Amino acid sequence: MFDLQGRSVVVTGGTKGIGRGIATVFARAGANVAVAGRSTADIDTCVADLEQLGSGKVIGVQTDVSDRDQCEALASRTVEAFGGIDVVCANAGVFPDAPLATMTPEQLTGIFAVNVNGTFYAVQACLDALIASGSGRVVLTSSITGPITGYPGWSHYGATKAAQLGFMRTAAIELAPHKITVNAILPGNIMTEGLLDNGEEYIASMARSIPAGALGTPEDIGHLAAFLATKEAGYITGQAIAVDGGQVLPESLDAIAT
Ligand code: NAP
């Protein structure tokens, strides 16, 4: 659908779920793809699968995005392998359940370390290469949860996803002179390994609340990420775009046709 041959992309959290969907769409479009995650077993499987999809190169780099040095090593390895970085998809994120009444300081700082600090570190680490690209792209995976909606147990998670948008708006201004765009995708409920941990009843109740009638797929998010990475999307920056099958639209469950 998109021709991204010659473009090089880093996808954090690219080994599973939404990140894997993003990496898949980029690989099919001919891009060079670097996937990052903590599990080496998942990295190896993912790299082997992605190599079958397109003409670009694929590497995997073990990275914990909450560690700035590891993000810098990820960027260096990618530049070494591909000669540069044109796109960074700061996607790695966690969404553990923690009701406000019992949430510990460790739970609060832990989720910010991955979802917020990890976004900053991944983008900062790739910045010199994005500037050198001349048409750099930053694509954040935020969420409808926080920026638009709420869900019990996810006050800390929602705060991190809203924080990404605060980051995005100023980063978009600071990086515009370098022809770098910074945008955020707000996925609704997407069928991923991580979301499945919430149980079948959660998935079924979510499907009932989505006008499109089903959860999204990781590649639904990948398609928007790939579009934002094209030269044609170069005038779009600082935008938060929901990909949610209309999930945020109904005023009540009665508003959804049965
Ligand atoms: P997932 O299926 O659990 O996959 C998460 C990915 O991130 C894995 O590759 C995981 O690999 C990696 N990861 C987790 N912590 C990491 C860390 N500290 N450093 C590096 N990589 C890390 O999750 P998902 O559902 O695809 O979610 C991905 C992103 O989409 C998150 O930012 C999430 O907030 C957002 N999102 C998801 C949904 C949804 O419905 N699924 C909706 C809205 C937004 P390792 O475990 O090996 O590190």
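About the criteria used
- Residues numbered from 1 in each chain as written.
- Predicted model: local features only at pLDDT ≥ 70, side-chain atom pairs only at ≥ 80, totals over all residues.
- Heavy atoms only, no water.
- Helix = DSSP H or I, 4+ residues; strand = E, 2+ residues; numbered from the N terminus.
- Expected span 1.5 Å × (residues − 1).
- Buried < 20%, exposed > 50% of the residue type's maximum accessible area, 1.4 Å probe, protein only.
- Contact = heavy atoms within 4.5 Å.
- Pairing = 2+ DSSP bridges.
- Right-handed = clockwise from strand over helix to strand, strands pointing away.

Draft legend 1. View of helix H5 (residues 155-175). Between the first and last C-alpha of H5 there are 30 Å, a value that for 21 residues agrees with the 30 Å anticipated at 1.5 Å per step. Listing the buried residues of H5 in full gives His156, Tyr157, Gly158, Thr160, Lys161, Gln164, Leu165, Phe167, Met168, Ala171, Ala172 and Leu175. On its buried side, H5 packs onto strand E4 (87-90), helix H4 (105-133), strand E5 (137-141), strand E6 (181-187) and strand E7 (240-243).

Draft legend 2. Examining the environment of Asp49 more closely. Here Asp49 shows up in helix H2 (residues 40-50). C-alpha of Asp49 to C-alpha of Thr24: the two residues are 25 residues apart in sequence and 8.9 Å apart in space.

Draft legend 3. How the structure looks around the pairing of strand E1 (residues 8-12). Among the five residues in E1, five count as buried, and that is most of the element. Going residue by residue along E1, you find Ser8, Val10 and Thr12 tucked away on one face and Val9 and Val11 tucked away on the opposite face as well. Bridge analysis of E1 against strand E2 (residues 32-37) gives five bridges, and the strand direction is parallel. Following the sheet pairing, Thr12 is matched in E2 by Ala36. Crossover connection from E1 via helix H1 (residues 17-28) to parallel E2: handedness right-handed.

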